[in-house]
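Below, each chain spelled out in residue letters.
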Amino acid sequence: AMLLVSEVGLQKLGLSPEDAVEWRGWGHSTASLYEDGDPLALETTAAAAQAAYKMADVGPSTVGVAEVHDCFTLTEILMYEALGFAKKGEGAQLLREGATNIDGRIPVNTGGGLVGFGHPVGATGVKQMVEIWRQMKGRCGEYQVQNRPAWGLTANMGGDDKTAVVGLFENV
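Residues numbered from 1 in each chain as written. Predicted model: local features only at pLDDT ≥ 70, side-chain atom pairs only at ≥ 80, totals over all residues. Heavy atoms only, no water.

What about the overall build of the protein chain?
The line we're drawing: Helix and strand assignments come from DSSP, with helices taken as H or I runs of at least 4 residues and strands as E runs of at least 2, each series counted from the N terminus. Under the scheme applied here, a residue whose accessible area is under 20% of the maximum for its type counts as buried, over 50% as exposed, and between as partly exposed, the area being computed with a 1.4 Å probe on protein chains only. Each accessible area value is a Shrake-Rupley result obtained with a 1.4 Å probe; residue values ignore everything except the protein chains displayed when judging cover. Counted as positive: Lys and Arg. Counted as negative: Asp and Glu. His and the chain ends are not counted at all. Each charge is placed at NZ for Lys, CZ for Arg, CG for Asp and CD for Glu.
Along its length, the protein chain carries six helices and four strands. N-terminal to C-terminal, the α/β element order of the protein chain is α-β-α-β-α-α-α-α-β-β. Counting only C-alpha atoms, the protein chain reaches 50 × 35 × 30 Å along its principal axes. Residues classed as buried in the protein chain amount to 42% of the 172 residues present. Total accessible area on the protein chain stands at roughly 9300 Å², and carbon and sulfur atoms take up 53% of it. Taking the average location of the 13 positive side-chain charges in the protein chain and that of its 21 negative ones, the two points are 5 Å from each other.

Some points on unusual backbone geometry
Positioned with a positive phi, N109 is a non-glycine residue whose angle comes to about 55°. Among the structural elements, N109 can be located in the loop between helix 4 (91–96) and helix 5 (113–116). Residue D161 is not a glycine yet carries a positive backbone phi of 70°. Locating D161 in the fold gives a position in the loop between strand 3 (151–158) and strand 4 (163–171). Assessed through its relative accessible area of 5%, D161 is described here as buried.

Thoughts on the packing of aromatic side chains
To keep it simple, the criterion reads: In summary, the pairing rule links any two rings of Phe, Tyr or Trp, Trp by its six-membered ring, whose centres are within 6.5 Å, and it sorts them by plane angle into stacked for under 30 degrees, edge-to-face for over 60 and tilted for everything else. Geometrically, a charge over a ring is one whose NZ (Lys) or CZ (Arg) sits within 6 Å of the ring centre while staying within 35 degrees of the ring normal.
With the rule as written, the count across this model stands at two aromatic pairs. Aromatic pair W23 and W26: ring centres 5.7 Å apart, planes at 65°, arrangement edge-to-face. A residue is classified by how much of its surface remains accessible, and W23, at 30% relative accessible area, is partly exposed. Since its relative accessible area comes to 44%, W26 is described here as partly exposed. Taken together, the ring pairs in this structure connect W23, W26 and F169 into an aromatic cluster. Lying across the ring of F117, K127 places its NZ or CZ 5.1 Å from the centre.

Some thoughts on the layout of surface pockets
Note the threshold: Lining residues are defined by having an atom within 4 Å of a point belonging to a cavity or pocket. Those points lie on a 1 Å grid over the protein atoms alone, cavities being sets where a 1.4 Å probe fits but cannot get out and pockets being open sets with protein on both sides within 12 Å along at least five of seven lines. Grid points are joined across faces, edges and corners, and a volume is the space filled by probe spheres set on the points. When residues are grouped by polarity, Ala, Val, Leu, Ile, Met, Phe, Trp, Tyr, Cys and Pro land in nonpolar, Asp, Glu, Lys and Arg in charged, and all others, Gly among them, in polar.
Quantified by volume, the largest pocket comes out at close to 670 Å³. Taken together, 22 residues line the largest pocket, and the ones lying closest to its centre are L3, V5, L10, A20 and V21. Among the secondary structure elements, those contributing two or more residues to the lining of the largest pocket are helix 1 (7–12), strand 1 (21–30) and helix 6 (124–136). Partitioned by chemical class, the residues of the lining of the largest pocket number 17 nonpolar, one polar and four charged. What lines the second largest pocket is a set of 20 residues, and nearest its centre among them are D38, A41, L42, D160 and D161. Of all the secondary structure elements, the ones that give two or more residues to the lining of the second largest pocket are helix 2 (43–56) and helix 3 (73–82). Its residues placed into classes, the lining of the second largest pocket shows nine nonpolar, four polar and seven charged.

Next comes the structure, spelled out in structure tokens:
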């Protein structure tokens, strides 16, 4: 489960800011279901990511852990590019270098991604946010990233990149 609360809400629950992450930026973008763009670019996700980065006043290099939509292997690789983790055409290289491994410079889908979770349509976005919170708070046990990230990112999309939502979270 996930709760969105204010600082007053945290106090009412008997929690402190150390128990939470702050949702610092988000972006949402849509495209026509009737027009196709470049099949090797997630342009809607890229637009949502740019909006989220702008709102949070950070860039891709700030992200310490990410949960991205990975309905297919290629989709995860294209997500790396759309989110600015790699240049266009270089997402696979990021994977080959181990940069997205749990001990890499930008761990991605540390809990197995949506495919590893059974791709529960409708629940995927919440699962991504909970996973980021767990990593940022050091609650992932055997698959915990080495250094608790200061920033986490979620990227979810639907309809072959026709709707995309990207969130940025800061560890408090």
